[in-house]
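# Fold and geometry: a report
Spelled out from the first residue to the last, the chains are:
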Amino acid sequence: MNTHERESAQADPVEETDTSSGKGARSRARQYCLVGLTHIDLAWLHDRRYYERCQERVLVCLLDCLDSDPEFTYAIEQMAHYRALEKKRPDLIRRLRGYVEAGRVEVAGAMASSLDTNGPNGECYVRNHLLGRAWARAHLGADVAVGELVDTFGISAQTPQIHRQFGLRYLFANRLGGNVPDSFFAARGIDGSTILMAGPDAHTPAKRPARVHMTTLQGREEHVERLLRKGVESPVPGPHLLISYDENENVPMTCGADRMARYRSMPETSWRFTTLREFFRAMETSGLAWPTRPADLNPAFTGCYGLRPFVRLRNRAVETRLLEAEKWAALAGTTDWRPSFQEAWWTMAYIHSHDVYSGSFPGRTVRPEVQQWLDRVERTATAILDDVLGARSESAEPGPGKRRVAVFNGLPWPRRDLAETELPEGWAGIETVEEGDVRVPFELCGDKVRFPADSPSVGSRTYTLIRGDAAPAPALARTDRAVLENEFLRVECSACDGLERIVLAGSGEPVVSACGGLLLAQEDKGSYQIDNPCNGEVPAAWGSMELFRAGRSQAGGALVLKGAFPELRWAGEGNRLVWELEFALRPGKPRLDMTVRIDWVGESSRVRLHLPTAIDRSEGIFEIPFGIVRRRPYSVRSTCHGEWPAHRFVAVEDGRHGVALVNTGTIGAEVCDGSIRTTLFRAPAAGRATLVPDDTSSQHGRHTFRFAVVPYRGALRDSPVFQAAQEVNTPLWVRPAAGEAAECTSFLCLQPHTCVLSAVKAPEDGAEDDLIVRLYESAGQATDATLSVHRLRQAWHSNLLEEKSAPACCGSGNLSLRLTPFEIKTVRIRRAPPAGP
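All of these numbers come straight from a predicted model, not from anything done at the bench.

## Observations regarding the pattern of salt bridges
On inspection of all chains with the given rule, the structure shows 66 salt bridges. The salt bridge involving Glu324 is made with Lys327; its shortest N-O contact spans 2.7 Å. Here the residue Glu324 and the residue Lys327 both occupy positions in helix H9 (residues 309–332), the gap between them amounting to 3 residues, near one helical turn. We note that Glu324, like Lys327, is buried. In this structure, Arg597 engages Glu582 in a salt bridge whose closest nitrogen and oxygen atoms are separated by 3.1 Å. Here the residue Arg597 occupies a position in strand E30 (residues 592–601), and Glu582 occupies one in strand E29 (residues 576–585), the gap between them amounting to 15 residues. Glu582 gets classed as partly exposed once you look at its relative accessible area, which sits at 22%. One network of salt bridges, in which partners are shared, links Arg415, Asp417, Lys589, Arg591, Asp593 and Glu727.

Listed below in structure tokens is the structure:
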């Protein structure tokens, strides 16, 4: 096992770091560094406009404090607030800039928002940094040295590498998984990068004597006194960081200066207002030692993984569409859409803020706003794709009753998958689908046609639809037993036992067995953010269950399990949990696609997908943004009850076989005794703060979830899981094709399969001849990668800031790259001009 993948079940491995060598002599005076900080949510108990008003009020008070006390210092965060405020009160931003340039206000992190670092795509983390830093530099003159993730629900194991590539060595944060007793330590990422972290873990049950102290003031002078006393009473040698902290409605206070004056007479002590940067630098020169911990500082608030699932499901689809639009626009050399991309990413920074992404908000006010913002970004991305991929073409009809379409594949390998498009206006059906002179199987689903399409890597292929008569919808035929089979898998189901077995072709050994209806219901007495499951689980098989075979399609086979849970005695009068599972096995695909449809009315419950495997292991392999980590079950923590965040998949393996569950935005997962469980949704029993349960938080209504089950032989690094996770989440794009059928062109190809293409985009500096291409090594092993780029002329190694460094080795359109385990690699590419007509 790679040493950077290890995660202890109960206590993280800790090692001591000796910093005494070459760091200078330790100061005799015990240092106390006082910093003010206010965290204002983008949305939580109220909508965005409410918190924008809070930000204005806080900033007015902060500026008054700075004016009245020449020693007073403060740290600010989340540039989205200041960007919005500048449009209304540019005078305040001008005043603030003066204090930033004077060093009395520190822009900590300069991110657009305090985003969730586990669920959104890793590129969202990068864009959040790029947006916020650019705005802070242009409007506040900020030189950012310290990262900040206050209130974020857990920290991703790739945070050290991301921050180091942005030039940040330090991070202040306060939700660290609920089991970190230290307030200052080095966090080591899965690639080996380290950053220094400060901040007390808000939910750990016990703490070692601290050197970082944080007290919420709430406008009360006695809380300032409490903060100062914490520092004095700590037996830990200085430096000490004292954070006078507030949230949302509470405004900064200057009384800390008066109270601190009383302590300055203490012998061998040094008290001053300062910055986070100065505290970290004081620690580096102190000669002290501190522990080193794995940077996978999770989980936090596991109840959020099933809270308002529509946010995370829609976000996954929308962020994927936006990244694809960015990719195709960059490859086309289109620059007209740059302002639209920037505005879309600012909107996504709001969606990714921790309270919004987690669903921790009231349904009557914030929910419609979230839906509106997601719709807006989706419309923007769709318009760009339509423009760049040619949807407005008027020459897509090669003849009467024919329509030519282009199928675009945004993934960097040749791909055969289902393409789906709406029937042309006025068409009742399809007679045939053709690729050149070859007929392609297809299926009609209402007003849409689906067909297996072969597309080159990051390229397109043209198909012709030929008009035909309407075809009856395939009927479902009830059956007692049925089998799906292709060259990779055999899937066996029955009306009595549900999904019975999944067998790898040629082995005869089941890797998944005795699944029943795959769904579990359980009483949950928890609140909005903290789940509290109790009593036993009720499996779907305890209720009614029927099996249906879909009419055989030329594009593959499908089975449907339908059923209803028995009445759940804890879930309230008239509760209802009706479900449907559709299994599809396509030719050429080593995965079982699974669609879960649920109709639900009830309270105080959680509903989970349960996949029992034949692998007797409790260690799971969880994808995270830009990599994977290995995790084991943990004992109950104050805010966590079993699940970990999984980006696109979680897997369990024993060296001979493995099984992965791929999700499309359902991010909570638990692995125990070979079973994989994931919460689909929760209906919380209790409120939190002023949040109270209602029909929107209880998820009443119909829900649809998509998954894929990917069994494999051997180890994950040799499996099809990495590509399957990307394919399930990245559809083929179908658009009307212009002109004659063009020869297939591949714009980009990446090998091997464990190297993931993360982004193709225009550079932030606006250079029109360059492309930014980002990839990462996903399996934890050193890799020689080959990146092939159409019309490649020059290339340079770069970083997340997109700065040029050494030239990269390239020739004949190929770029050779050596990647260390879990390395995030950015290259800056210059292409040759397109050939003339």
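The structure having been displayed, the exposition proceeds.
## Examining the pairing of strand E10 (residues 240–247)
For E10, a buried count of 7 out of 8 residues is recorded, marking the element as mostly surrounded by other parts of the structure. In the sheet, strand E2 (residues 30–39) pairs with E10 via 8 bridges, with the strands oriented parallel. Of the residues in E10, the one forming a bridge with Tyr32 is His240. The pairing of strand E9 (residues 212–216) with E10 spans 5 bridges and is classified as parallel. Paired with Thr216 across the bridge in E10 is Tyr245. One crossover worth recording links E9 to the parallel E10 by way of helix H6 (residues 221–233), and it is right-handed.

## Examining the side chain of Asp417
Its location among the elements puts Asp417 in strand E14 (residues 415–422). Accessibility expressed as a relative area gives 10% for Asp417, which makes it buried. Polar contacts involving the side chain of Asp417 include one to the side chain of Arg415, which spans 3.3 Å. Dropping the residues within four chain positions of it, Asp417 is found in contact with Phe451, Pro452, Ala453, Lys589, Arg591, Glu727 and Leu732.

## Things to note about the nonpolar core
Residues Val370 and Ile829 are the most contacted members of the largest nonpolar core, which totals 124 residues. Ignoring any residue separated from it by four or fewer positions in sequence, one finds Ile829 in contact with Asp769, Asp770, Leu771, Val773, Leu787, Val789, Leu792, Gln794, Ala795 and Leu815. If you look at the next biggest cluster of nonpolar residues, it comprises 79 residues, including Val596, Val721, Val728 and Phe822.

## Re helix H8 (residues 276–284)
Counting buried residues along H8, 7 of its 9 residues qualify, which places the element largely inside the surrounding structure. Burial in H8 covers these residues: Leu276, Arg277, Phe279, Phe280, Ala282, Met283 and Glu284.

## Some points on the packing of helix H4 (residues 122–140) against helix H10 (residues 338–352)
Relative orientation of the contacting elements H4 and H10 amounts to 115°, with a least axis distance of 10 Å. Compared by their axis directions, H4 and H10 come out roughly perpendicular. Of the two possible hands of crossing, H4 and H10 adopt the one that is left-handed. Across the interface between the two elements, Cys124, Arg127, Asn128, Leu131, Gly132 and Trp135 of H4 pack against Gln342, Trp345, Trp346, Ala349 and His352 of H10. Looking at the contact of H4 with H10 residue by residue, the classes come out as 6 nonpolar, 4 polar and 1 charged.

## Some points on the packing of helix H2 (residues 79–88) against H4
When two helices pack together, their arrangement is captured by the angle between the axes and the distance separating the axes. For the pair H2 and H4, interaxial distance at closest approach is 10 Å and the crossing angle is 45°. The pairing of H2 with H4 is recorded here as oblique in orientation. Relative to H4, the crossing made by H2 is left-handed. On H4, the residues that touch Met79, Tyr82, Arg83 and Glu86 of H2 are Gly132, Trp135, Ala136, His139 and Leu140. Residues of the contact of H2 with H4, tallied by class, amount to 5 nonpolar, 2 polar and 2 charged.

Reading the values: rules and limits
Residues numbered from 1 in each chain as written. Predicted model: local features only at pLDDT ≥ 70, side-chain atom pairs only at ≥ 80, totals over all residues. Heavy atoms only, no water. Salt bridge = Lys/Arg side-chain N within 4 Å of Asp/Glu carboxyl O. Helix = DSSP H or I, 4+ residues; strand = E, 2+ residues; numbered from the N terminus. Buried < 20%, exposed > 50% of the residue type's maximum accessible area, 1.4 Å probe, protein only. Pairing = 2+ DSSP bridges. Right-handed = clockwise from strand over helix to strand, strands pointing away. Polar contact = N/O pair within 3.5 Å; in protein donor to acceptor, adjacent residues only side chain to side chain. Contact = heavy atoms within 4.5 Å. Core = buried A, V, L, I, M, F, W, Y, C linked by side-chain atoms within 4.5 Å. Axes fitted to C-alpha atoms, helices over the stretch in contact; angles between N-to-C directions. Parallel < 35°, antiparallel > 145°, perpendicular 65-115°, else oblique. Left-handed = near helix turned anticlockwise from the far one by under 90°. Nonpolar A, V, L, I, M, F, W, Y, C, P; charged D, E, K, R; others polar.

Read these as spatial facts, not as claims about activity.
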